[in-house]
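Reading the structure
Letter by letter, the chains look like this.
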Amino acid sequence: MSDCLFCKIIEGSIPSTKVYEDEKIYSFKDINPQAPVHVLVVPKEHICCANAIDESNADNVAYIFTKIPAIAKSLGLTNGYRIINNCGDDGCQTVKHIHFHILGGTKLSENMG
Ligand code: 5GP
Ligand code: ZN
C-alpha cells in the first residue's frame, strides 16, 4: 500500500536497520526501543492487523512464527523474550500493517496491561 509506513520500509524507500529478510517477511529495529532489544517482524504482504487474518493470509503470519526463534537467537535472546501484537485502537496499534514486536535483553515487566 502506497501510504503505509511499513510497506515503504519493506520496499526500502524509508530506511531501517534490517535484522532479517527473506521473500515473505522483513524484520528491523524499532525506532523507539522499549527494551534493550526491540525489533519488529512484518509480513511483506500488507495485512492491516490481527483482525484481518483469515484463511487467505494466515500462512504469512504462521511463517513469521517459524522464523522468530532464529531471529531471537541472532539477537542474543538466549534467556527468553516477549512477542507482542497490538491490534486496533484499544490495543494502541499505531501502524496499520500487522507487526510483531520482539522485546528482550533484560527481565521484562510482569505487567501486560
Ligand atoms: P504499534 O504501536 O503499532 O504496535 O507499534 C509501532 C511501532 O513502530 C512502534 O514501536 C514505533 O516505535 C515503531 N515505528 C514507528 N515508526 C517507525 C519508523 O519509521 N521506523 C522504525 N524502525 N520503527 C518505527
Ligand atoms: Zn503495509
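This write-up is about the structure you can find in this document. (Residues numbered from 1 in each chain as written. Chains lettered and ligands numbered in written order. Predicted model: local features only at pLDDT ≥ 70, side-chain atom pairs only at ≥ 80, totals over all residues. Heavy atoms only, no water.)

Examining the side chain of His101
Which entries qualify depends on this criterion: Helix and strand definitions here come from DSSP, where helices need a minimum of 4 consecutive H or I residues and strands a minimum of 2 consecutive E residues; each element is numbered from the N-terminal end. Whether a residue is buried, partly exposed or exposed follows from its accessible area with a 1.4 Å probe, protein chains only, as a fraction of its type maximum: under 20%, in between, or over 50%, in that order. As used in this structure description, the phrase polar contact means that two N or O atoms lie within 3.5 Å; if the pair is within protein, one of them must be able to donate a hydrogen and the other to accept it, and residues adjacent in sequence are counted only when both atoms belong to side chains. Contacts are residue-level and defined by heavy atoms, with any inter-residue pair within 4.5 Å sufficient.
Secondary-structure assignment places His101 in strand β5 (residues 100-104). The buried category is assigned to His101, whose relative accessible area is 11%. In terms of polar contacts, His101 uses its side chain to reach the side chain of His38, at 2.8 Å. With residues near it in sequence (within four places) discarded, His101 still touches Asp30, His38, Val39, Leu40, Arg82, Ile83, Ile84 and Asn86.

Describing the coordination of the zinc ion (ligand 2)
Worth spelling out the cut-off: Coordinating donors are taken as N, O and S atoms within 2.8 Å of the metal, stretched to 3.2 Å for Na, K and Ca; because water is absent from the atoms, sites can appear incomplete.
Those donors, Cys4 (SG), Cys7 (SG), His46 (ND1) and His97 (ND1), are the protein atoms that reach the zinc ion (ligand 2), and they lie 2.1 to 2.3 Å from it. Judged by its relative accessible area of 23%, His46 is partly exposed.

With respect to the pattern of salt bridges
We apply this condition: The term salt bridge refers to a side-chain nitrogen of Lys or Arg lying within 4 Å of a carboxyl oxygen of Asp or Glu.
In this structure the tally under the stated criterion is three salt bridges. Close ionic contact of Lys44 with Glu21 constitutes a salt bridge, the shortest N to O distance being 2.8 Å. On the criterion of sequence distance, the pair formed by Lys44 in the loop between β3 (37-43) and α2 (58-74) and Glu21 in strand β1 (residues 18-21) is long-range, its members being 23 residues apart. Exposure remark for Lys44: the relative accessible area of 27% places this residue in the partly exposed category. You can call Glu21 partly exposed: its relative accessible area is 33%. By sharing partners, the salt bridges in this structure join Lys18, Glu21 and Lys44 into a single network.

Some details on a nonpolar patch on the surface
Cut-off, in case you're wondering: For patches, a residue must show more than 30% relative accessible area and have no salt bridge; joins then use 9 Å for like charges and 5 Å for nonpolar side chains, namely Val, Leu, Ile, Met, Phe, Trp and Tyr. The Shrake-Rupley method, run with a 1.4 Å probe sphere, supplies the accessible areas, and residue values consider only the shown protein chains as cover.
On the surface, Phe65, Tyr81 and Ile83 cluster together into a nonpolar patch covering about 240 Å² of accessible area. Tracing the backbone shows Ile83 in strand β4 (residues 82-84).

Quick word on the sheet that holds β3
As a reminder, the rule being used: At least two DSSP bridges between two strands are needed for those strands to be called paired. Note on geometry: axes are C-alpha line fits, over the in-contact stretch for helices, and angles between N-to-C directions span 0 to 180 degrees.
Here five strands make up an open sheet; going across it, the order is β1-β2-β3-β5-β4 and the pairing antiparallel. Of all strands in the sheet, those bounded by a partner on one side alone are β1 and β4. When strand polarity is set aside, the average angle formed by the axes of neighbouring strands in this sheet is 20°. Bridge analysis of β3 against β5 gives five bridges, and the strand direction is antiparallel. Bridged to Leu40 within β5 is His101.

Structural notes on α2
Basically, it comes down to this: Expected span, for any helix, means 1.5 Å times one less than how many residues it has. We define the bend at each residue as the angle formed by axes fitted to the 7 residues ending at it and the 7 residues starting at it.
The end-to-end C-alpha distance of α2, which contains 17 residues, comes to 25 Å, matching closely the 24 Å that a straight helix rising 1.5 Å per residue would cover. The largest bend in α2 is about 40°, located at Lys67, with the proline Pro69 one to four residues further on. All of the buried residues along α2 are Asn60, Val61, Tyr63, Ile64, Ile68, Ile71 and Ala72. Residues of α2 that are buried in the fold lie against β1, β2 (25-29), β3, β4 and β5. Gly76 occupies a position one or two residues after α2 and carries a positive phi of about 80°.

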